[in-house]
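A structural walkthrough
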Amino acid sequence: MIEVGPGQDSILHEARFLDRLFTRIDEQKVDLLLMVRGAEPTPFQRVALAKAVLL
């Protein structure tokens, strides 16, 4: 999960991030969830936060 600014939680931003990530590391399965900074988490985001591994 990555906190982003308002309007940056689109599939386009997610794809750009993954593209840049995979230029630095080998491509692998990555679960990416964008969350707008300061916004109330959705039920799915709350579950993800509860089970997340901090990197």
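Placed above this text is the structure.
So, a few notes on the structure that sits alongside this text. Residue indices begin from 1 for each chain and proceed along its sequence in written order. Reporting in this predicted model follows two pLDDT cut-offs: at least 70 for local features of residues, and 80 or more for side-chain atom pairs to be given and counted; totals over whole chains, interfaces and linings ignore these cut-offs and use all residues. The side-chain figures draw on all heavy atoms in the structure; neither hydrogens nor water molecules are used.

1. Quick notes on the overall build of the protein chain
- By the criteria applied, helices consist of DSSP H or I runs no shorter than four residues and strands consist of E runs no shorter than two, each listed in order from the N terminus. Across its full length, the protein chain holds two helices and two strands.
- In the protein chain, the succession of α and β elements from N to C terminus is β-α-β-α.
- Its C-alpha atoms give the protein chain principal-axis dimensions of roughly 30 × 25 × 15 Å.
- Every one of the 55 residues in the protein chain was classed for burial, and the buried ones make up 16%.
- We call two residues in contact whenever any of their non-hydrogen atoms come within 4.5 Å of each other. A separation of at least 24 residues holds for 52% of the contacts in the protein chain among residues at least 6 apart in sequence.
- Element-wise, carbon and sulfur atoms account for 57% of the exposed surface of the protein chain, whose accessible area totals about 4,700 Å².
- Charge centroids of the protein chain, computed over 7 positive and 8 negative side chains, lie 3 Å from each other. Relative accessibility thresholds used throughout: buried, under 20% of the residue-type maximum; exposed, over 50%; partly exposed, between the two (1.4 Å probe, protein chains only). The accessible surface values rely on the Shrake-Rupley method and a 1.4 Å probe; as for residues, cover is taken only from the protein chains in view. For the charge count, each Lys or Arg is scored as positive and each Asp or Glu as negative, with His and the chain ends excluded. All charge positions are set by atom: Lys at NZ, Arg at CZ, Asp at CG, Glu at CD.

2. A few points about the pattern of salt bridges
- Salt bridges are defined as contacts in which a side-chain nitrogen from Lys or Arg sits within 4 Å of a carboxyl oxygen from Asp or Glu. Going through the model one piece at a time under the given rule, you end up with two salt bridges.
- Note that K29 and D31 form a salt bridge whose closest N and O atoms lie 2.8 Å from each other. Like K29, the residue D31 is exposed in the burial classification.
- The partner of E40 in a salt bridge is R46, and the shortest N-O contact between them spans 3.9 Å.

3. Examining the environment of E14
- By secondary structure assignment, the location of E14 is in helix α1 (residues 11-22).
- Taking the C-alpha atoms as reference points, E14 and L32, 18 residues apart in sequence, are found 7.5 Å from one another.

4. A few points about the side chain of Q45
- The residue Q45 is located in helix α2 (residues 43-51) in this model.
- Judged by relative accessible area, which is 10%, Q45 ranks as buried.
- Any pair of N or O atoms that falls within 3.5 Å is considered a polar contact. Within protein, one atom must be able to donate a hydrogen and the other to accept it, and sequence-neighbouring residues count only if both atoms are side-chain atoms. Within the structure, the side chain of Q45 is placed 2.8 Å from the backbone nitrogen of T42, a separation counted as a polar contact.
- With sequence-adjacent residues up to four places away left out, Q45 is seen in contact with M1, L33, L34, M35 and E40.

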